[in-house]
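Close look at the chain arrangement
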Amino acid sequence: MTATKRNEEPIIQVKNISKQYNIGMDRTYKTFSESFTNAIRSPIKSLNSIRSQQDTFWALKDINFEVEQGEVVGIIGRNGAGKSTLLKILSRITTPTEGEIRLKGRVGSLLEVGTGFHPELTGRENIYFNGAILGMKKKEIDDKFDEIVKFSGVEKFLDTPVKRYSSGMQVRLAFSVAANLDPEILVVDEVLAVGDAAFQKKCLGKMGEVAEGGRTVLFVSHNMGAVNKLCTSCILLNSGKIQLIGHPNDIINQYLDNLSQKSSQKRFSPNNEYKGQIFQVALMDDEGNVTSDFPSHIDPTLEIKYILNEKVIGFHVACIISNQDGYHIFSTADTDLNPNLFDERPPGNYCVRVKLPTKWLNTGTYNVAVGIGIAGVETYDRQDAVAFTKHDTGDFGTAKEGSRRAGLLLIDTPWYYIP
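All of the points below concern the structure found in this document. Computed from a prediction, not measured in an experiment: that's the story for all the values here.

**Remarks on the overall build of the protein**
- Counting its regular elements, the protein contains nine helices and 20 strands.
- A fraction of 73% describes how many contacts in the protein between residues 6 or more apart in sequence connect residues 24 or more apart.
- With the model as given, the accessible surface of the protein reaches about 21900 Å², and the carbon-plus-sulfur share is 51%.

In structure tokens:
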């Protein structure tokens, strides 16, 4: 990914990019006279205030890479690794603290729900608004208009202000605009997870078409199967730094190996920006002991503790079980327990447990991702949480302990000889 082809200049060049944020700042705005008076009256307090404002956090540090035209680059890493910050810099939404980027061509971005939309404008008006931002002429947008509307599936609401759209509708229209207005560079964040499964599949297919047409795609996702299938190269970010760059399969395996080394219990730091947050996840055996090691005949119990800071309607908590290759095996949500829970949930602390049906899984390590939010609309908090290992103890037939059969499943399949 770093080498140039035919002596052509790469379409994206990122050189020594770093991004620093101030934390713990007093965001109350004061006039100059107020600040001066406060400094005279309470010099020590003012000095401490200045010191607190100097607390900083490096979201990215010394990022370097190049991307050739037509490449599809996956960007993966844990939450807080700096993926979204990097895409915002590449999309010119925010500027780097240090370093420089060089981009050849227009950039179409889909980073957050409603990105680039004016809420008071209709869907139709926002299509032309986004096209103008990309530097396209009206005739160019006219030529693509029908294709954009058809792909988005919001024909009936085209002349409705987008502030009345659901989050899913906004994402469908935003992706359709970004992908169909022919930007040389398409930047897509995990926001696609907001859409339903059918639309996600449709979007992945469209990104494949975009790449085959010679355009460049940068794709952030927690879906390792999609990254492995779609991308030609991959970047692994860790704590704001590039850990590895290479072939998607190699990078994904390294990332998943790192995840599988997590303990069977994990706590998360508080984040007041969320309406709700998961603060602890644990795996337990039948006796309630916290562990990540399970024989083939024992199903892990997953415990999720979370807090809601306000009343939420249409809420759910869910988990996804994936294998080491990043492919989702199955998922489940607490709405399976009681459909009424899907209607409304008041503020407070919650603890929920679920028995994971894993007796039929083959030996190996499996990762558990957990999340809370509104199904198909908004994710409040999603974490790659814990991992567990399954061991074949010889319970099926004459299989020897520790053996591994071919395939994903370990199933009891009796064989009979017919005399």
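Moving on from the coordinates now.
**Structural notes on the side chain of glutamine 170**
- Within the secondary structure, glutamine 170 is located in helix H6 (residues 167-180).
- Judged by relative accessible area, glutamine 170 falls into the buried class, the value being 14%.

**Things to note about the environment of serine 263**
- Within the fold, serine 263 resides in the loop between helix H9 (248-260) and strand E10 (265-267).
- Taking relative accessible area as the criterion, serine 263 reaches 44% and is therefore assigned partly exposed.
- For serine 263 and alanine 385, which are 122 residues apart along the polypeptide, the C-alpha to C-alpha distance reads 9.0 Å.
- Once residues within four sequence positions are removed from consideration, serine 263 is found in contact with Val386 and Ala387.

**Remarks on the environment of aspartate 257**
- Here aspartate 257 lies in helix H9.
- Between the C-alpha atoms of aspartate 257 and asparagine 367, which are 110 residues apart in sequence, the distance is 9.8 Å.

**Observations regarding the pairing of strand E3 (residues 72-76)**
- Counted residue by residue, E3 has five buried out of five residues, so it is predominantly covered.
- Every second residue of E3 is oriented toward a common face, with Val72, Gly74 and Ile76 on one face and Val73 and Ile75 on the other, all of them buried.
- Here E3 runs beside strand E7 (residues 216-220); their pairing, made up of four bridges, is parallel. Paired with valine 73 across the bridge in E7 is leucine 218.
- When E3 meets strand E8 (residues 233-238), the two strands line up parallel, connected through four bridges. The partner of glycine 74 across the bridge, within E8, is cysteine 234.

**Observations regarding the packing of helix H4 (residues 123-133) against helix H5 (residues 138-152)**
- The interhelical angle for the contact between H4 and H5, taken along N-to-C directions, is 130°, at an axis separation of 10 Å. As the angle between them shows, H4 and H5 are arranged oblique. The element H4 and its partner H5 pack so that their crossing is right-handed. Residues Arg124, Ile127, Tyr128, Gly131 and Ala132 of H4 form the contact with H5, whose participating residues are Lys138, Ile141, Asp142, Phe145, Ile148 and Val149.
- Tallied by class, the residues present in the contact of H4 with H5 amount to seven nonpolar, one polar and three charged.

**Focus on the sheet that holds strand E6 (residues 185-188)**
- Reading across the sheet, the six strands line up as E5-E6-E7-E3-E8-E9 and stay open at both edges, with mixed pairing between neighbours. In the strand order of this sheet, the two ends are held by strand E5 (107-110) and strand E9 (241-246), each with one partner. Sheet twist, expressed as the mean angle between neighbouring strand axes with direction ignored, is 15°.
- Pairing of E8 with E9, which is carried by five bridges, proceeds in the antiparallel orientation. Residue leucine 237 lies in a different strand from E9, and its bridge partner there is isoleucine 242.
- Strands in contact with H6 are E5 and E6; relative to E5, the strand with the most contacts, it is inclined by about 165°.

**Describing the pattern of salt bridges**
- As enumerated under the stated definition, the model contains 12 salt bridges in all.
- With its nearest N and O atoms 2.7 Å apart, the salt bridge here joins aspartate 286 to lysine 355. With aspartate 286 in the loop between strand E11 (276-284) and strand E12 (293-295) and lysine 355 in strand E18 (residues 348-355), this residue pair connects regions lying 69 residues apart in the sequence.
- By relative accessible area, aspartate 286 is classed as partly exposed at 44%.
- Relative accessible area serves as the criterion here: at 43%, lysine 355 is assigned to the partly exposed category.
- Two residues, aspartate 334 and arginine 345, come together in a salt bridge whose shortest N-O distance is 2.8 Å. Of this pair, aspartate 334 sits in the loop between strand E16 (328-333) and strand E17 (344-345) while arginine 345 is found in strand E17, placing the two residues 11 residues apart along the sequence.
- Arginine 345 sits in the buried class, given a relative accessible area of 4%.
- Residues joined by salt bridges that share partners form a network here, namely Lys144, Glu147, Lys206 and Glu209.

**Focus: unusual backbone geometry**
- The backbone phi angle of arginine 92 is positive, close to 65°, even though this residue is not glycine.
- Relative to the elements of secondary structure, arginine 92 occurs in the loop between helix H3 (83-90) and strand E4 (98-103).
- In this structure, serine 239 takes a positive phi of about 55° despite not being glycine.
- Inspection of the secondary structure puts serine 239 in the loop between E8 and E9.

**Structural notes on the nonpolar core**
- One finds Ile76, Ile127, Leu173, Phe175, Leu186, Met207 and Phe219 to be the most contacted residues of the largest nonpolar core, which totals 45 residues.
- Ranked by residue count, the leading element in this core is H6, at eight residues.

**Details of the packing of aromatic side chains**
- Per the stated rule, a full pass over the model turns up seven aromatic pairs.
- Consider the rings of phenylalanine 294 and phenylalanine 388, whose centres lie 6.2 Å apart with planes at 90°: the pair is edge-to-face. Highlighted residues: phenylalanine 294 in strand E12 and phenylalanine 388 in strand E20 (residues 378-391), separated in sequence by 94 residues.
- Here phenylalanine 294 falls in the buried class, since its relative accessible area comes to 0%.

Reading the values: rules and limits
Residues numbered from 1 in each chain as written. Predicted model: local features only at pLDDT ≥ 70, side-chain atom pairs only at ≥ 80, totals over all residues. Heavy atoms only, no water. Helix = DSSP H or I, 4+ residues; strand = E, 2+ residues; numbered from the N terminus. Contact = heavy atoms within 4.5 Å. Areas by Shrake-Rupley, 256 points an atom, 1.4 Å probe, with all protein chains shown as cover. Buried < 20%, exposed > 50% of the residue type's maximum accessible area, 1.4 Å probe, protein only. Pairing = 2+ DSSP bridges. Axes fitted to C-alpha atoms, helices over the stretch in contact; angles between N-to-C directions. Parallel < 35°, antiparallel > 145°, perpendicular 65-115°, else oblique. Left-handed = near helix turned anticlockwise from the far one by under 90°. Nonpolar A, V, L, I, M, F, W, Y, C, P; charged D, E, K, R; others polar. Salt bridge = Lys/Arg side-chain N within 4 Å of Asp/Glu carboxyl O. Core = buried A, V, L, I, M, F, W, Y, C linked by side-chain atoms within 4.5 Å. Phe/Tyr/Trp six-rings, centres within 6.5 Å; stacked < 30°, edge-to-face > 60°.

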